[in-house]
Amino acid sequence: MTDAAIEIENLTKDYPFGFLHLKKRRSLEGLTMKVEDGEVFGFLGPNGAGKSTTMKLLVGLTFPTAGNARILGKPISDIEMHRDIGYLPEQPYFYDYLTAAELLDYFARFHDLKAADRRERVQRMLKKVGLETARKIQLRKYSKGMLQRVGLAQAILHDPRVLILDEPMSGLDPLGRREVRDIILELKREGRTILFSTHILSDAEMLCDRVGVIVGGKLRGVGAPDEIVGVKAHGMEILFEYTGSSAGAVALLGKATQTGNRYRMQVSEEDLYATLEQLRGAAARILLVTQMKASLEEYFMHLVEADRAQAAAVEVSGK
Amino acid sequence: MSRVSVVAWNTFREAVRDRVLYNLVFFALLMIAAAILVGQVSIGIEQIVIISLGLSAISVIGLLMAVFIGVGLVSKEMDKRTLYALLAKPVRRWEFLLGKFGGLLLTLVVNTAAMAAGLFAALLYVKHPLESSDAMVLVAVYFILLKLALVVALALLFSCYTTPLLAILFTAGLYVAGLFVHEMRGFQSDTMAPAVQAFLRWLSYLLPNFENFDVMASAAHGRAIPATLILQNTAYSALYCAVVLAAAAAIFSRRNLK
């Protein structure tokens, strides 16, 4: 991973609003980041944070107020760059009078593919996203999850080197999410660069080489999931079983959460061995001891709350 | 297949699958009823009545399609966000617009040709055989198509920067204004300031001249339509469409898709 597949430099986007569009709302502010070649990069952030805006800017659906970006060395204003990218819009909707096979064939024509090649690719992609049997059904009869799969198929149809996927897991049931996750992992193995946004932090932790957290139009943190949340343990968690009524154990049980005969207790690293001794003395059965790390979710929530607090402070001071 | 024709063919396919061409059934019924009725109530003017009625119906149905479908060509794609995946492909925005224009024009050509065939069938019912002067009906139908092309281009232009409702109003307004350009040009009044008269004259040259496309009376009476008018109207429609589509492309190329 040496060259950047996506380079974004000081990208800023203002949307006009109000009567005569004289007022402006900033959706993205000075975004600068890189996605390396062959990397899976997760874009995290709450609704309205600027994730979709960034992706729309990259694929040319909107135009930057300031800054610039390059994909595979080509500026985003270059239409030829679109030959090497695949894009899945958020909550995709396609021509509902077409079947999935017709839609994919329609999109394939823009990539100057020959008829035989188009047929073969359409067939292969439909199989890949699990829609082979529904290929001749009009899209108006498709569920949200099926449309999401069609969206993924059209994004990878022309074998792009860079994939920009806006909420690829939204609207999918757990099985569908697993399938999309597997497809993303397969695309990663094939060496493609993937930039995707998600609300589902466990997916980001599982799939991404690096994640970027964007809040209020500003990038707040970038790095490998482990790196940005920190590897230092919060403390230790002990899971144990206890059925007795020893007086020594009562004080300990008060600190634990009970589910049936099982108890879950959190202690500091320093207190771990002493607590384990006490539990053994009370004839408790130790089932599991785990190290507690800050999750990506905690880190994410911390950034979002910090941003809200800052926004509230600005509002109060009037600046 | 060029990217423009790929979009155009899909637009035509959409019209067919959304049953837009069902209006032909209504037109066929109208022509059958008119032919039977006219044969019974009019003496000697069956041809005039049938041709006038047929051409009017072709024009009105075509105009309704051109305005209402034309306005939705871009706005519907933006509202439903079907455009997002498409514009991420190697397609330029002007290619998309031109394809949409071509697709609706193809739909209108097929629709108008089918209605013209129906008109000739009704004509054949009330008088046979057909005469060479009846070919003027074909010229009138061709002029209707030229007019519709212009209306589609205008609808497309307005839909690129305003809401569908306003685009319909603007297109319909321009069409009505375009029917009175000769009156505007020759308008003279003592009570009107010379500056206003000059402005009206200037405006009359800027507005699309739809009056020139109306040769219904000549076609109904079998009067010859000069070849120069055919050439002039063809060039006028092509040039006007080119200018309007270029303006639409310039606006749409800068439009942010939220």
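This one's a predicted model, so the numbers in the text were calculated from it and none came from an experiment.

1. Things to note about the sheet that holds strand β4 (residues 66-71) of chain A
All names here are of chain A.
Inference 1: Read across the sheet, four strands follow the order β2-β1-β4-β5 without closing on themselves; strand pairing throughout is antiparallel. Both outer strands of the open sheet, β2 (23-36) and β5 (74-75), are each paired with one neighbouring strand and no more.
Inference 2: Of the pairings in the sheet, the one linking strand β1 (residues 4-17) to β2 comprises ten bridges and is antiparallel in character. If you follow Leu11 over to β2, its bridge partner there is Leu31.
Inference 3: Strands in contact with helix α1 (residues 51-59) are β1, β2 and β4; relative to β1, the strand with the most contacts, it is inclined by about 110°.

2. Brief notes about the domain arrangement of chain A
Inference 1: The domain boundaries assigned to chain A delineate domain 1 (4-228) and domain 2 (233-293).
Inference 2: The C-alpha-based centres of domain 1 of chain A and domain 2 of chain A are spaced at 46 Å.

3. With respect to the interface of chain B and chain A
Inference 1: Listed by partner, the interface residues are 21 residues for chain B and 26 residues for chain A.
Inference 2: Here the side of chain B that touches chain A gets five residues from one element, more than from any other, and that element is helix α1 (residues 3-17) of chain B.
Inference 3: Residues of the side of chain B that touches chain A, tallied by class, amount to nine nonpolar, three polar and nine charged.

4. Side note on the sheet that holds strand β3 (residues 40-44) of chain A
Residues and elements named next belong to chain A.
Inference 1: Spatially, six strands are ordered β6-β7-β8-β3-β9-β10 in an open sheet, and the strand pairing comes out mixed. On the outer flanks of this sheet lie β6 (85-88) and β10 (218-223), each paired with one strand and no other. Neighbour-to-neighbour, the strand axes of the sheet open up by a mean angle of 15°, direction not taken into account.
Inference 2: As paired elements, β3 and strand β9 (residues 210-215) share four bridges and run parallel to each other. Residue pairing for β9: Phe43 is matched across the bridge by Gly212.
Inference 3: Running over the sheet, α1 touches β3, β6, β7 (162-166), β8 (193-198) and β9 and is turned about 145° from β7.

5. Focus: unusual backbone geometry
Residue and element names in this part refer to chain A.
Inference 1: Although it is not a glycine, Leu72 adopts a positive phi angle of roughly 50°.
Inference 2: Here Leu72 is to be found in the loop between β4 and β5.
Inference 3: Residues other than glycine seldom take positive phi values, yet Asp112 does so here, at roughly 55°.
Inference 4: By the element assignment, Asp112 lies in the loop between α2 (100-109) and α3 (115-128).

6. Remarks on the pairing of β4 of chain A
Residues and elements named next belong to chain A.
Inference 1: Bridge count for β1 against β4 is five bridges, and the pairing is antiparallel. When the sheet's bridge partners are listed, Glu7 is paired in β4 with Arg70.
Inference 2: By the bridge criterion, two bridges tie β4 to β5 in an arrangement that is antiparallel. Its bridge partner lying in β5, Ile71 is registered against Lys74.
Inference 3: Taken together, β4 and the strand that follows it, β5, pair antiparallel across an intervening segment of two residues, in which Leu72 is found at a positive phi of about 50°.

Criteria and cut-off values
Residues numbered from 1 in each chain as written. Chains lettered and ligands numbered in written order. Predicted model: local features only at pLDDT ≥ 70, side-chain atom pairs only at ≥ 80, totals over all residues. Pairing = 2+ DSSP bridges. Helix = DSSP H or I, 4+ residues; strand = E, 2+ residues; numbered from the N terminus. Contact = placed C-beta atoms within 7 Å. Axes fitted to C-alpha atoms, helices over the stretch in contact; angles between N-to-C directions. Domains from an automatic or database assignment. Nonpolar A, V, L, I, M, F, W, Y, C, P; charged D, E, K, R; others polar.

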